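Inside the fold
Each chain, written out:
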Amino acid sequence: MELAVVFVEISTHPERCEKAGRIVTQNLILDALTLLAQTVKEHGGKTVKTTEDQLLCIFPNAWKSVQSACQMQLAIFQDPKYARVDMALKIGSHFGEGTLSKDSISGEVLGVARKLRESARTGQLLITQEIRKHIPFVFGLSLRKAGQLILPDKLKQIVLFEALWNASESDNTILSAI
């Protein structure tokens, strides 16, 4: 089945976490995971798995996954309580064929989303060409080319884009009408 996978990792600054304390940091991360899962649900998605600092979710369409991921980034960025530990998100999203069982996802769609999340810098939302094809032009989301991901086992190249969810990131390299 075709689905969109969004892989989210919460990152924090070690020195700020040490200053805030372990329990405060853990509570902030748990609070953020709850907020992120709520955002997924509000956009028609489903949280498949959460770990200590990561969230794996699926959406029936690519467009809703991007809306949700942008909202996640904004929610963490705009809430001052998360600034206490310099919290930011690394998000990767891909649309394609995958197999969904009760508590897991398998298939290339998962592997690509995971690689994007691993490649993302803090505060970054990376999406694939497959996601980009499904973003309505009227949304006006600005995108910037972010290179390619090479899947050696499939001898396949996937074009990557950074979704610029924060208006202050705008510059002349933006491709808003891609």
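This text goes with the structure placed above it.
What comes next concerns the included structure. Every value quoted in this text rests on a predicted model; they were computed, and no experiment measured them. (Residues numbered from 1 in each chain as written. Predicted model: local features only at pLDDT ≥ 70, side-chain atom pairs only at ≥ 80, totals over all residues. Heavy atoms only, no water.)

**Regarding the sheet that holds strand S9 (residues 156-164)**
The cut-off we apply is this: Pairs of strands are assigned from DSSP output, requiring at least two bridges between the strands. Working definition: helices are DSSP H or I runs of at least four residues, strands are E runs of at least two. Numbering for both runs from the N terminus. Angular values range over 0 to 180 degrees, each being the angle between N-to-C directions of two axes fitted as lines to C-alpha atoms, with helices fitted over their stretch in contact.
Pairing within the open sheet is mixed, and its seven strands lie in the order S2-S3-S1-S4-S7-S9-S8. Each of the sheet's edge strands pairs with one partner strand only, and the pair in question is strand S2 (46-50) and strand S8 (142-151). Averaged over all neighbouring strand pairs, the angle between strand axes comes to 25°, with direction disregarded. Direction of pairing for strand S7 (residues 124-128) relative to S9: antiparallel, over a ladder of three bridges.

**Here we look at the environment of Gly45**
Condition: Three labels apply to residues, based on accessible area from a 1.4 Å probe with only protein chains included: buried if under 20% of the type maximum, exposed if over 50%, partly exposed otherwise in between. Between two residues, a contact is recorded if the distance between any of their heavy atoms is within 4.5 Å.
Checked against the element boundaries, Gly45 lands in the loop between helix H2 (22-42) and S2. With relative accessibility at 18%, the residue Gly45 sits in the buried group. As for Gly45 and Val5, which are separated by 40 residues in sequence, their C-alpha atoms are 9.5 Å apart. Beyond its immediate sequence surroundings of up to four residues, Gly45 is in contact with Val40, Ile58 and Phe59.

**Notes on the packing of aromatic side chains**
Rules: Whether two aromatic rings pair depends on their centres lying within 6.5 Å, for rings of Phe, Tyr and Trp, where Trp uses its six-membered ring; planes under 30 degrees apart make the pair stacked, over 60 edge-to-face, and the rest tilted. Each ring is checked for a lysine NZ or an arginine CZ that lies within 6 Å of its centre and within 35 degrees of its normal; such an atom marks a charge sitting over the ring.
Taken as a whole and judged by the stated rule, the model has one aromatic pair. Taking 5.5 Å as the distance between ring centres and 75° as the angle between the ring planes, the aromatic pair formed by Phe77 and Trp165 counts as edge-to-face. On the criterion of sequence distance, the pair formed by Phe77 in helix H3 (residues 62-78) and Trp165 in the segment after S9 is long-range, its members being 88 residues apart. The class of Phe77 is exposed, set by a relative accessible area of 52%. Against the face of Phe7 rests Arg117, its NZ or CZ located 4.5 Å from the ring centre.

**Things to note about the pairing of S7**
The element S7 is largely enclosed, with a buried count of five among its five residues. Neither face of S7 is open: one carries Gln124, Leu126 and Thr128, the other Leu125 and Ile127, and all of them are buried. Note that strand S4 (residues 88-97) and S7 share four bridges and pair parallel. Of the residues in S7, the one forming a bridge with Ile91 is Leu125.

**Here we look at the side chain of Gln54**
Relative to the helices and strands, Gln54 resides in strand S3 (residues 54-59). Apart from the residues lying within four places of it in its own chain, the contact partners of Gln54 are Phe7, Val8, Glu9, Leu33, Lys49 and Arg117.

**Side note on the packing of H2 against H3**
Threshold: For this classification, under 35 degrees means roughly parallel, over 145 means roughly antiparallel, 65 to 115 means roughly perpendicular, and everything else is oblique. Crossing handedness is read from the near helix: turned anticlockwise from the far helix by less than a right angle, it gives a left-handed crossing, and turned clockwise, a right-handed one. All amino acids are sorted into three groups, where Ala, Val, Leu, Ile, Met, Phe, Trp, Tyr, Cys and Pro are nonpolar, Asp, Glu, Lys and Arg are charged, and the leftover types, Gly among them, are polar.
Between H2 and H3, the least distance of the axes is 9 Å, while the angle of their chain directions is 150°. What the angle tells us is that H2 and H3 run roughly antiparallel. Read as a crossing pair, H2 and H3 show a hand that is right-handed. Together, Ala32, Leu35, Leu36, Thr39 and Val40 of H2 and Ser68, Gln71, Met72, Ala75 and Ile76 of H3 make up the contact between the two elements. Here the contact of H2 with H3 is built from residues that sort into seven nonpolar, three polar and no charged.

**Points about the nonpolar core**
We apply this condition: What we call a nonpolar core is a set of buried Ala, Val, Leu, Ile, Met, Phe, Trp, Tyr and Cys residues that are connected through their side-chain atoms within 4.5 Å.
The biggest cluster of nonpolar side chains holds 37 residues, and the ones touching the most others in it are Met72 and Met87. Looking at this core, the elements with two or more residues in it are strand S1 (2-11), helix H1 (14-20), H2, S3, H3, S4, S7 and S9. The biggest single contributor to this core is H3, with seven residues. In contact with Met87, not counting residues within four places along its chain, are Ile10, Ser11, Thr12, Leu28, Ile29, Ala32, Ile76 and Tyr82.

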